[in-house]
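Architecture and fold: a report
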Amino acid sequence: MRRRLPAPVAAVVALLLFAGCSGGPSLENRGEVTAPPGDSHHLVVGSAGFTESDLLAQMYAQLLDHAGYKTSLLTVANRELYEPALESGQIDVVPEYAATFADWLNAKANGPDAPPVGSPDLAATMTALRRLAAPRGLTVLPPGRAVDQNAFAVSASYAREHHLRTLSDLGRSGLKVRLAAGDECVQRPYCEPGLKKTYGIDITAVDPKGVGTTPAKKAVQSGQDQMVLTTTTDATLSQFGLVILADDKHLQNADYVVPVVNRSRGGGPGPTAALDRLNKVLTTADLASLGEQVDSWRRLAQDVARAYLKEKKLIG
């Protein structure tokens, strides 16, 4: 349910070269999967083409530059294209989300009907993700502090009136809730069914206005709807007078930000150490704030990323 924006035409054309790379390492290079981690001097950093991914890719590239690597960036909005390119070494590192990527690799390996392996348990999710990534020649670096999960927000006035801080509070209140979300919310276990089963929230209807869209937020702001499905890194909520209710029973999966690298090219200690410096400081709130600077203030992702890294003394 994460936003995906169209990739630049040049990147799409470039990725046509990757069409034959969708099946994982070929027989002739399967040995690279178990080869010692590589440390290529030139690393290609991939972005999935939406604001948050662009920001993370810019920070990765600038940290690697600072560590003495030469980097270039490539934007590819379609995971079906950039993941095979990551396996083949045409992209060397990309920001991903632990639970989402684990389930995607699981479906790729075991079919679309395979039981999901991503869960609210970060440790279990990372174990499953690394088990699926390793045979494809990919190394998943440690997760950071930032997490981009689905989240549910209500108006601040509604929360004050009914003493709501968590989704459990809303369930106990017995209030009837009309939810602004995407069409798929009525079937997804983390959305309407999960809110009812886990929290006992009385969802009377799903208003199909999309995930975190302006019309969805305005519907909650006006009182037409009582709650909206958005994300934990949505920095525009305050503009609509909205606040997130805490997912205190951990309904949502552990979508922590994780760097994923091609083991034979970027799996060595140098890239790992450079990217881990960001993991130690970047928070969910930081990521939301950085996104706001790009989306609302119209600043370039490259400039926002550089200013943040300098503020945190990660680059000079």
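Refer to the structure above for everything that follows.
Residue numbers restart at each chain and count upward from 1, following the sequence in its written direction. Where totals are concerned, whole chains, interfaces and linings use all residues; where local detail is concerned, this predicted model gives features only for residues with pLDDT of at least 70, and gives and counts side-chain atom pairs only at 80 or more. To obtain the side-chain values, all non-hydrogen atoms of the structure were included, while hydrogens and water were left out.

**Focus on unusual backbone geometry**
Its identity is not glycine, yet R298 carries a phi of approximately 60°, on the positive side. Note on conventions: DSSP H or I runs of at least 4 residues are helices, E runs of at least 2 residues are strands, and numbering of each starts at the N terminus. Relative to the helices and strands, R298 is located in the loop between helix 12 (284-295) and helix 13 (301-311). Its identity is not glycine, yet K313 carries a phi of approximately 60°, on the positive side. Summarising the element assignment, K313 is placed in the segment after helix 13.

**Notes on the pattern of salt bridges**
The rule for a salt bridge is simple: a side-chain nitrogen of Lys or Arg has to be within 4 Å of a carboxyl oxygen of Asp or Glu. Evaluation of the coordinates by the stated rule reveals 14 salt bridges. Across the pair D92 and R265 runs a salt bridge whose closest N-O atoms are separated by 2.5 Å. Residue D92 is found in the loop between helix 3 (79-88) and strand 3 (93-97), and its partner R265 is found in helix 10 (residues 263-266); the two are separated by 173 residues along the sequence. Overall, the relative accessible area of 26% leaves R265 in the partly exposed class. When a residue's accessible area, from a 1.4 Å probe over protein chains only, is under 20% of the maximum for its type it is buried; when over 50% it is exposed; and in between it is partly exposed.

**Focus: the environment of V45**
Here V45 is to be found in strand 1 (residues 42-47). V45 sits in the buried class, given a relative accessible area of 0%. Separated by 12 residues in sequence, V45 and A57 have C-alpha atoms that sit 6.2 Å apart. Whether two residues are in contact is decided by their heavy atoms: any pair within 4.5 Å suffices. Ignoring sequence-local partners within four residues, the contact set of V45 consists of A57, Y60, A61, L64, S72, L73, L74 and V93.

**Some points on the pairing of strand 7 (residues 202-208)**
For two strands to be treated as a pair, DSSP must find at least two bridges joining them. As judged from the six bridges shared by strand 6 (residues 176-181) and strand 7, these two strands associate in the parallel manner. Within the sheet, the bridge partner assigned to A181 lies in strand 7 and is P208. With helix 8 (residues 192-199) bridging strand 6 and its parallel neighbour strand 7, the resulting β-α-β unit is right-handed. By convention, a crossover is right-handed whenever its connection, traced from the first strand over the helix to the second and viewed with the strands pointing away, goes clockwise.

**Let's talk about the layout of surface pockets**
As defined here, a cavity is a set of points on a 1 Å grid over the protein atoms alone where a 1.4 Å probe fits but cannot get out. A pocket is an open set with protein on both sides within 12 Å along at least five of seven lines, and residues line them when an atom is within 4 Å of a point. Grid points are joined across faces, edges and corners, and a volume is the space filled by probe spheres set on the points. When its volume is computed, the largest pocket comes out at roughly 910 Å³. Looking at the largest pocket, it is lined by 33 residues, and the ones nearest its centre are T100, D103, R188, Y190 and N253. Elements with a minimum of two residues in the lining of the largest pocket: helix 4 (98-110) and helix 8. When residues in the lining of the largest pocket are grouped by element, the largest group, six residues, is from helix 4. Each residue receives one of three labels: charged for Asp, Glu, Lys and Arg, nonpolar for Ala, Val, Leu, Ile, Met, Phe, Trp, Tyr, Cys and Pro, and polar for the others, Gly being one of them. Across the lining of the largest pocket, the residue classes break down as 12 nonpolar, 12 polar and nine charged.

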